[in-house]
Amino acid sequence: MAYTYPFVLPPLPYPYEALNPYIDTETMHYHHDKHFKTYIDKLNAVLEKYPTLHNMTLTQLLSANLENLPAEDRTAIMNNAGGVYNHALFFEGLAPASENKHMPVGKLATMIDRDFGSFENFKDAFNRTALNLFGSGWACLALNENGRLEIHPLKNQETAVPLNSECLIQFDVWEHAYYLKYKNDRKNYIDNLWNVIVFPEL
Ligand code: MN3
């Protein structure tokens, strides 16, 4: 993600209603226009007083040594840069169910079979991670430095950046991602999200 301060809210790459019935229009408005934007605004607000950080990308900020900064600002940068990074990947990584992108193909399909035994085994393991993550966070399928696939739970707005990795797919399991439609039924939300998640082509 190459962009730098001042960060701006990237528009959704599809209409707000495009993911119905799996993600409802109202949730998309709140999630993208309010929650995502709040991370961007808070990140810009704390970065404003640190001009030396203004040319850094999100990935650079998330792996930077910020130990000279006051703890409160360091925490605000990490939490909000993580929130921007995760949400940018999340919204880019969704597409209408009618598009033919919601199963792994090619190299990624082969790697899933190699590292998890089968697509069904992978999906079971990923679902368990997403369902069992306590509190707020993300479930992430990452490609590690050794070229193996791994499933990571990420707490709050942690990212895969410190793992020298990027999530190939990631599920937002914060309640704000599903509560309007699914209430407390995280499992039903997770089951439905597979219909709109995009598997990248490696
Ligand atoms: Mn979210």
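Definitions and limits used
- Residues numbered from 1 in each chain as written.
- Predicted model: local features only at pLDDT ≥ 70, side-chain atom pairs only at ≥ 80, totals over all residues.
- Heavy atoms only, no water.
- Phe/Tyr/Trp six-rings, centres within 6.5 Å; stacked < 30°, edge-to-face > 60°.
- Buried < 20%, exposed > 50% of the residue type's maximum accessible area, 1.4 Å probe, protein only.
- Lys NZ or Arg CZ within 6 Å of the ring centre and 35° of its normal.
- Helix = DSSP H or I, 4+ residues; strand = E, 2+ residues; numbered from the N terminus.
- Contact = heavy atoms within 4.5 Å.
- Donors = N, O, S within 2.8 Å, 3.2 Å for Na, K, Ca; no water.
- Pairing = 2+ DSSP bridges.
- Axes fitted to C-alpha atoms, helices over the stretch in contact; angles between N-to-C directions.
- Salt bridge = Lys/Arg side-chain N within 4 Å of Asp/Glu carboxyl O.
- Left-handed = near helix turned anticlockwise from the far one by under 90°.
- Nonpolar A, V, L, I, M, F, W, Y, C, P; charged D, E, K, R; others polar.
- Expected span 1.5 Å × (residues − 1).

Quick look at the packing of aromatic side chains
Going through the model one piece at a time under the given rule, you end up with 16 aromatic pairs. Taking the centre distance of 5.4 Å and the plane angle of 65° together, the rings of Phe90 and Phe91 count as edge-to-face. Comparing Phe90 with Phe91 shows no difference in burial state: the two are buried. Taken together, the ring pairs connect Phe116, Phe119, Phe122, Phe126, Phe171, Trp194 and Phe199 into an aromatic cluster. Across from the ring centre of Tyr182, 5.5 Å away, lies the NZ or CZ of Lys181, which sits over that ring.

A look at the environment of Met56
Positionally, Met56 belongs in the loop between helix H1 (25-47) and helix H2 (58-63). Expressed as a C-alpha distance, the spacing of Met56 and Glu92, which sit 36 residues apart in the sequence, is 21 Å. In this view, Met56 contacts Tyr3, Thr4, Tyr5, Phe7, Leu61 and Ala64; residues no more than four positions away in its chain are not counted.

A word on unusual backbone geometry
At the junction of Tyr5 and Pro6, the peptide bond is cis and its omega measures out at -10° in the coordinates. Examined against the element boundaries, Pro6 turns out to sit in the segment before H1. Across the junction of Asn20 and Pro21, the peptide omega takes the value 0°, indicating a cis bond. Note that Pro21 resides in the segment before H1.

Concerning the coordination of the manganese ion
Taken together, the protein donors to the manganese ion comprise His31 (NE2), His87 (NE2), Asp172 (OD) and His176 (NE2), at separations of 2.0 to 2.2 Å. As a motif over one chain, the donors of the manganese ion read H-x55-H-x84-D-x3-H. The exposure class assigned to Asp172 is buried, which follows from its relative accessible area of 0%.

Things to note about the sheet that holds strand E1 (residues 137-143)
Reading across the sheet, the 3 strands line up as E2-E1-E3 and stay open at both edges, with antiparallel pairing between neighbours. Each edge of the sheet is formed by a strand with only one pairing partner; in this case those strands are strand E2 (149-155) and strand E3 (167-172). Taking each pair of neighbouring strands and ignoring which way they run, the sheet shows an average axis angle of 20°. One ladder, built from 7 bridges, connects E1 with E2; its direction is antiparallel. In the sheet register, Ala142 faces E2, and the bridge partner there is Glu150. Strands E1 and E3 of the sheet are contacted by helix H3 (residues 71-92), whose axis makes an angle of about 100° with E3.

Side note on the pattern of salt bridges
Going through the model one piece at a time under the given rule, you end up with 6 salt bridges. A salt bridge links Arg114 to Asp115; the nearest nitrogen and oxygen atoms lie 2.7 Å apart. Relative accessible area serves as the criterion here: at 43%, Arg114 is assigned to the partly exposed category. A salt bridge links Asp191 to Lys187, with the shortest nitrogen-to-oxygen separation between them at 2.9 Å. In this pair, Asp191 and Lys187 both sit in helix H7 (residues 186-193), 4 residues apart, roughly one turn of the helix. According to the relative accessible area criterion, Asp191 is partly exposed, its value standing at 33%. A residue is classified by how much of its surface remains accessible, and Lys187, at 46% relative accessible area, is partly exposed.

Notes on the packing of H1 against H3
The N-to-C vectors of H1 and H3 enclose an angle of 145°; their axes lie 8 Å apart at closest approach. Relative to H3, the crossing made by H1 is left-handed. Note on element contacts: H3 touches H1 through Asp73, Ala76, Ile77, Asn79, Asn80, Ala81, Gly83, Val84, His87, Ala88, Phe90 and Phe91, opposite Met28, His31, His32, Phe36, Tyr39, Ile40, Lys42, Leu43, Val46 and Leu47. Class assignment for the residues of the contact of H1 with H3 results in 14 nonpolar, 6 polar and 2 charged.

Regarding helix H5 (residues 119-132)
The end-to-end C-alpha separation of H5 is 20 Å, in line with the 20 Å expected for 14 residues at 1.5 Å each. Those residues of H5 not exposed but buried are Phe119, Phe122, Ala125, Phe126, Asn127, Thr129 and Ala130. Buried residues belonging to H5 abut helix H4 (106-116), E1, E2, E3 and H7.

No statement about biological role is implied by the geometric values presented.
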